[in-house]
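One-letter residues, chain by chain:
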Amino acid sequence: MATWELQVFVGDQEAQEESVTLRVSGESHIGGVILKIVEEIKRKQDWSDHALWWEQKKMWLLQTHWTLDKYGILADARLHFGPQHRPVTLRLPNRRALRLRASFSQPLFRTVAAICRVLSIRHPEELSLLRAPDKKEKKKKDKEPEEEVFDLTKVVLAAGVAPAQFRGMPAHFSDSPETEACYRMLSLPQPPPDPAQLLRLPRPGSLADKTHLHSRWLDSSRCLMQQGVKPEDTLWLRFKYYSFFDLDPKADPVRLTQLYEQARWDLLLEEIDCTEEEMMVFAALQYHINKLALSGEQDDAAGGSGLDDLDAALNNLEVKLAGSASTDMLDSLTAIPELKDHLRIFRPRKLTLKGYRQYWVVFKETTLSYYKTQEEAPGDPIQQLHLKGCEVVPDVNVSGQKFCIKLLVPSPEGMSELYLRCQDEQQYAQWMAGCRLASKGRTMADSSYQSEVQGILAFLSLQRTGGGGGTGPANPQGPEASGEVLNPHGLVAPRFQRKLKAKQLTPRILEAHQNVAQLSLSEAKLRFIQAWQSLPDFGISYFIVRFKGSRRDEVLGIANNRLIRIDLAVGDVVKTWRFSNMRQWNVNWDIRQVAIEFDEHINVAFSCVSAGCRVLHEYIGGYIFLSTRERARGEDLDEDLFLQLTGGHEAF
Amino acid sequence: MEQTCEDIDQMFSNLLGEMDLLTQSLGVETLPPPMPDPPHTEFNYSVGFKDLNESLNALEDNDLDALMADLVADISEAEQRTIQAQKQASQHQPNTASQSSSFLGNGASLGYKANFTSTGISLYEDELPPPPADPVLDLPPPPPPPPEPLTQEEEEAQAKADKIKLALEKLKEAKVKKLVVKVHMNDNSTKSLMVDERQLARDVLDNLFEKTHFDYNLDWCLYEIYPELQIERIFEDHENVVEILSNWTRDTENKLLFLEKDEKYAVFKNPQNFYLANKGKKEGKETNEKMNAKNKEFLLEESFCGTSVIVPEIEGALYLKEDGKKSWKRRYFLLRASGIYYVPKGKTKTSRDLACFIQFENVNIYYGTQYRMKYKAPTDHCFVLKHPQIQKESQYIKHLCCDDARALNQWVTGIRIAKYGKTLYDNYQKALSRAGLASRWSSLGTVDPAAAAQTPSKGHTVSTVQPNGQISQPTHSVSRIFQEAQSHVEATKDKKPAISSYDAPAPPANNLKKSHLPPPPPQRRSSDVNSVSLMSPKPIMIPSKPSPQDDFPLPPPMGEAELPPPPPDCNEEPPNFVPPPPPTVSSADDFPLPPPPPPPPFQSTEPSKPPPAITKKPPMPPKRLENPGPAPGGASGEQDFMSDLMKALQKKRGNLS
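Residues numbered from 1 in each chain as written. Chains lettered and ligands numbered in written order. Predicted model: local features only at pLDDT ≥ 70, side-chain atom pairs only at ≥ 80, totals over all residues. Heavy atoms only, no water.

Per an unreviewed UniProt entry, the recorded name for chain B is Amyloid beta A4 precursor protein-binding family B member 1-interacting protein, and the organism is Phascolarctos cinereus.

The name an unreviewed UniProt entry assigns to chain A is Fermitin family homolog 3, from the organism Phascolarctos cinereus.

## Regarding the overall build of chain A
What counts here: Helical segments are the DSSP runs of H or I of at least four residues, strand segments are the runs of E of at least two, and each set is numbered from the N terminus. Here's how the labels work: a residue is buried when its accessible area is under 20% of the maximum for its type, exposed when over 50%, partly exposed in between, all with a 1.4 Å probe on protein chains only. Whether two residues touch is decided by their heavy atoms; if any such pair falls within 4.5 Å, the residues are in contact. Accessible surface is estimated by sampling points in the Shrake-Rupley manner with a 1.4 Å probe; for residues, cover comes only from the protein chains shown.
A count of helices and strands for chain A gives 18 helices and 26 strands. The buried share of chain A, reckoned over its 652 residues, is 52%. Long-range contacts, defined here as pairs at least 24 residues apart, represent 61% of the contacts in chain A between residues at least 6 apart. For chain A, the exposed area adds up to about 30,400 Å²; of that, 49% sits on carbon and sulfur atoms.

## Details of the sheet that holds strand β12 (residues 234-239) of chain A
Residue and element names in this part refer to chain A. In plain terms, the rule: Strands are labelled as partners when DSSP assigns at least two bridges between them. Only the stretch in contact is used when a helix axis is fitted, and all axes are lines through C-alpha atoms; the angle between N-to-C directions ranges over 0 to 180 degrees.
Spatial ordering of the open sheet is given by β8-β12-β6-β7-β9, a layout of five strands whose pairing is mixed. Only two strands of the sheet have a single partner each, and these edge strands are β8 (127-131) and β9 (149-151). Neighbour-to-neighbour, the strand axes of the sheet open up by a mean angle of 40 degrees, direction not taken into account. Where strand β6 (residues 85-91) meets β12, three bridges bridge the pair, whose relative direction is parallel. Residue L90 lies in a different strand from β12, and its bridge partner there is L235.

## Points about unusual backbone geometry
Residues and elements named next belong to chain A. A positive phi angle is found at R95, which is not glycine, with a value near 70 degrees. Tracing the backbone through its elements, the reader meets R95 in the loop between β6 and β7 (97-103). The class for R95 is partly exposed, based on a relative accessible area of 25%. A positive phi angle, near 55 degrees, is found at S120, a position not held by glycine. Residue placement: S120 occurs in the loop between α3 (108-119) and β8.

## A closer look at the nonpolar core
Condition: What makes a nonpolar core is a set of buried Ala, Val, Leu, Ile, Met, Phe, Trp, Tyr and Cys residues whose side-chain atoms join them at distances within 4.5 Å.
By size, the foremost hydrophobic cluster in this structure holds 147 residues, and its most contacted members are L407 and W532 of chain A. Residues contacting L407 of chain A, with those up to four places away along its chain left out, are L368, L387, C390, E391, V392, S416, E417, L418, L420 and C435 of chain A. Counting residues in hydrophobic clusters, the runner-up holds 87 residues, among them L193, L320, L385 and I390 of chain B.

## A closer look at the confidence of the model for chain B
Should the pLDDT be low somewhere, the predicted coordinates at that spot are not to be read in detail. All names here are of chain B. Applicable threshold: Per-residue confidence from the predictor is reported as pLDDT, which spans 0 to 100.
Confidence in the prediction of chain B, expressed as mean pLDDT, is 62, and 41% of residues score 70 or more. Ranking the helices and strands of chain B by mean pLDDT puts strand β10 (residues 364-368) first, with 95, and helix α2 (residues 41-44) last, with 32. Every residue in residues 279-288 scores below 50 in pLDDT, and together they form 11 contacts with partners more than four places removed in sequence or on other chains. Scored below 50 in pLDDT, residues 445-638 makes 316 contacts in the model with residues more than four places away or belonging to other chains. Complex prediction metrics read pTM 0.69 and ipTM 0.83.

## Side note on the environment of D215 of chain B
All names here are of chain B. Among the structural elements, D215 can be located in the loop between α6 (201-212) and β3 (220-226). A residue is classified by how much of its surface remains accessible, and D215, at 53% relative accessible area, is exposed. A sequence separation of 220 residues divides D215 from A435, and the C-alpha atoms of the two residues are 9.5 Å apart.

## A few points about the pairing of strand β16 (residues 383-386) of chain A
Residues and elements named next belong to chain A. Only one face of β16 is buried, namely the one carrying Q383 and L385, since none of Q384 and H386 on the opposite face is buried. As paired strands, strand β15 (residues 367-371) and β16 are joined by four bridges and run antiparallel to one another. If you follow L368 over to β16, its bridge partner there is L385.

## What to know about the sheet that holds β16 of chain A
The strands making up a sheet associate through hydrogen bonds between their backbones, and the pairing can be parallel or antiparallel. Residues and elements named next belong to chain A. Pairing within the open sheet is antiparallel, and its seven strands lie in the order β16-β15-β14-β13-β19-β18-β17. The open sheet terminates on both sides in strands that have one partner only, identified here as β16 and β17 (391-397). Across the sheet, the mean angle from the axis of one strand to that of its neighbour is 30 degrees, orientation sign disregarded. Judged from the seven bridges that link them, β17 and strand β18 (residues 402-411) form a sheet pairing that is antiparallel. Bridge assignment links V393 to a residue of β18, and that residue is K406.

## Considerations on the confidence of the model for chain A
All names here are of chain A. Summing up the model confidence of chain A, the mean pLDDT is 81 and the portion of residues at 70 or higher is 84%. Every residue in residues 299-308 is under pLDDT 50, and counting partners more than four places away or in other chains gives six contacts. Across residues 319-332, where pLDDT falls below 50, the model places 15 contacts with residues more than four positions away in sequence or in other chains.

## Considering the environment of L35 of chain A
For L35 of chain A, the position within the fold is in helix α1 (residues 30-41). Each C-alpha atom of the pair L35 of chain A and W47 of chain A lies 9.8 Å from the other, and the pair is 12 residues apart in sequence.

## Description of the environment of R442 of chain A
Residue and element names in this part refer to chain A. Among the secondary structure elements, R442 is positioned in the loop between α12 (425-439) and α13 (449-465). For R442, a relative accessible area of 26% puts it in the partly exposed group. Sequence spacing of R442 and E365 is 77 residues, and the spatial spacing of their C-alpha atoms is 7.6 Å. Among residues more than four places away in sequence, those in contact with R442 are T366, L437 and S448.

The structure is reproduced here in structure tokens:
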């Protein structure tokens, strides 16, 4: 039997590799070769994760029972013996960095699934990895302060077992304070970015710019090593397919948060456009989410608020029924708090120049009445307004000491407009809270009244300090940080920063905030994601392509249910094809052309310009795969199907 | 059960005592309790006080009802209890009198008074003294209680919680506002029915089907018309009817119609017309008009079942009526989930350039009719957005005009989807399952009349002939109702096991076996019946009742199916013929199947004249009261006793009111 010498390089970094020379034959099994290498090195360590990598062929020799002949390895083969799992730095959807060990030998699909398991993100098929853009490196070095990199490289998960929960987090996070901090980073929303920094970050200026991102997706059917990723490289982890299956606040704290973060950055960096009104809602939700996250409200997402209410009501009732003092009972049943004060009122009318005039205003239950003087109060009021169903709009300028409430009260005849002017923040907060509750048909006896008052005061204090915004949200801890250093410009996309001053922005965010102020943390995140999903341009990944028979570049948008042909210059939708009408699609790898056949013999073919046609192919196949999940139900991933749908012949 | 009631009663009589003390301490203003028609000012100072009055008032009946049930259960025990009850009643009597009178008088001051007296809807003041059937107290025999025994403490705690829940429910119940609504039919006739403030349009529709015996289909809807503004719209199934009607003014000409509108669920029948239409148009051909069912389903699932609902992309030039003028300006509008936007002059239709025209939170969408005449609109395809409270012409009403009917339909539907989101789809799903139920009913329609004849002897033979059909369908209705019940009254669910565990020790075991204790609720209604002559309290049936015996008003009797609907028949089958019908399912453990009831005394009037049975219907509850009695053969003796008892009770109530 002919034997020859085989050189193998051992080590996980190219620089530190030592070389070992073995005597092998064509009949040697890979497993035997590995054994020989280990014997040769005579070092005691855990070799279980090590495997052989064939550099020229760019492949792992993972079939240990195969012979060298079967693999076709000859003496000139450059073999490396190294660990299959190597550390990489992940840039998460929330833009934080995290080091962990990823498999360099398995198909990326499985690698991502393993990463998601460590991060406790369900449905890993929706995520994937991108190469980090390389250009930013130069400027970043001098400007950016050392950022905290979380480290999970030491975490090893037992295979096949669902991670158990321990102290409200997956057990593997509760090992050390560092990993606990890491879990907090993963599951809690990040503070808003510094507006100045936001302005510096690259934003797509055109549709063509939006296509760049997608050229960086890694190939799901090949392993990291094959795609030239090196240990310690930075990769981006992102939700790739915009089809989020079974999003459940209880089961998915990390997934929900990361999705929220991705949505937020999408909006802040203008990857997706929205209207001004929509931006205000997004800003209000961010503000609300931030506030809740900072106030340390544990997101118990019990969902049982209704039950809690009932319990509370029962407790109250119990107290009432048990209460021996009859007056107490009567009081508690009858007392509905009132507000009475001198306020200035302004009623805008046509052709009137009258300004604010002082009245005696009584606010009882959901009704606002005003009188000329306090003495006339028992009599008929000048006007009485039932606030149920009314619109309450703040008109506040803290620095100008202007605290007005604009009421738009519906009546059968139309809307009547009324401005209430309060003297100070305290008064304003009380009346404002009363008006808001009344507009929803609740009285000030409602349990949420006090928290509403506090919320308004908190927002006012934000306005007092807002606009300065120099400090940045560097240290989110501490009670005084909980909103005061918040700059509204960090909550909106830069184009609104340019359009609106912080002074103008804050009241509008405040106005939008009142509609979401009651949401819990996870509800607010979910609402944010829903609003994001409701945007017309949501979930479209853009590619520059050239259609067969056309001479100019056009844009192809791929969404979870359709393909969209878009005019590159104008941005108008030219044509839409739905996946549900799709018969089949083929890729001609030689001429990099994707050909798709739809029902009724509609054929479309295009070649890819901005990204590899693999990426496009994988996108289409991926969405088809995701649409099959609905029926299959269940957590198990049909990896083969995914690879079948997304892999090309190159992969096999 | 009666034990619970007594406990509650005790709680309330404590309260009552306290209130008496209070009224005394109020001094001058106070009137002596038994005065029948005092000025009511003294009660106006407190909402809570009034509620208590009402619930106490209701409880009085209930107390008697519970007693009644007990009597049915065991005669000898009953006799003793009557004495006791008489004592009790005599104790309570003065208070009761004052309370009921105060309630009557206070109707107006409570703010429950409906101002709607004259035209369109006429809403009569609801002064029926006893509150409507109580969702909790009316509970049928609880479903099988959880077998695991509770510890003493738990049991006590549970019992306490239950009582409180019950009391809470009572308090809520007492506040329920009711309107009598006149609904216009297709044939220009009208029907009046009572709607309570908890009822959704869906429930009212159910009542209307019950009253009219129209064939159920998805297109039926409640439809409001504002003759003055010339606008109209479909009530969504989930909307609260009383709330909407409360926005109408006293002298309104607005009308409420019961009719079929294809538009109601058009989007779910042909989603492609809304979701794919615009794209089809661009191609110049309407290829999308037809779509196979599977694709439709797929499209619906995609649009409505994701994390967020997809609003159809609708955009196009519309005419907007300018404020206060009769001129219409053409603008390019786009529908987004967040509202309607328009493209300002010289701008593009990209998101960043759009200006917001209106958001949907505070407005409803209406069709405008004959606007070409009224406002010189360019076409007659107009829609209107206005705050539900606005009833007169106002600058705050927005009028828009589309080029054609198709566009109008798309816009209105699109706006409804944007405004209501998933709710719309849920409504449709509920209506669908309702329709499925209805079709099953109608397929059985041929049998029903026979069953309706319902003389005890015949009834048996007839109903036993067709067990197959009978079984499946009541089971369905029950399960549906159970589902609803679960969502509606979570509290009751928690309560059930406890009540039955409560039940068990109190009466001797044989008591249960002998009596097949019926749910007390029917009795409650029977009490109502006696005091109400104008309107039947029945429309106020709450759909949340999980009682298999009680559920017959809910599923619409289809076709010829006349008043006595199948489920009761089903109950009347001799037990050995009944392959487990719902009652057994729900009450298998504690409550054996009620054996066939004796011929009800009121039966004769009942089957003959069903639908306008406002006054005829009431007899039914007493009938069911007797259901639990022993088998028909030996019923006579009991029955005499029963009718005596009934008379006695009625007499007593007569005294009270």
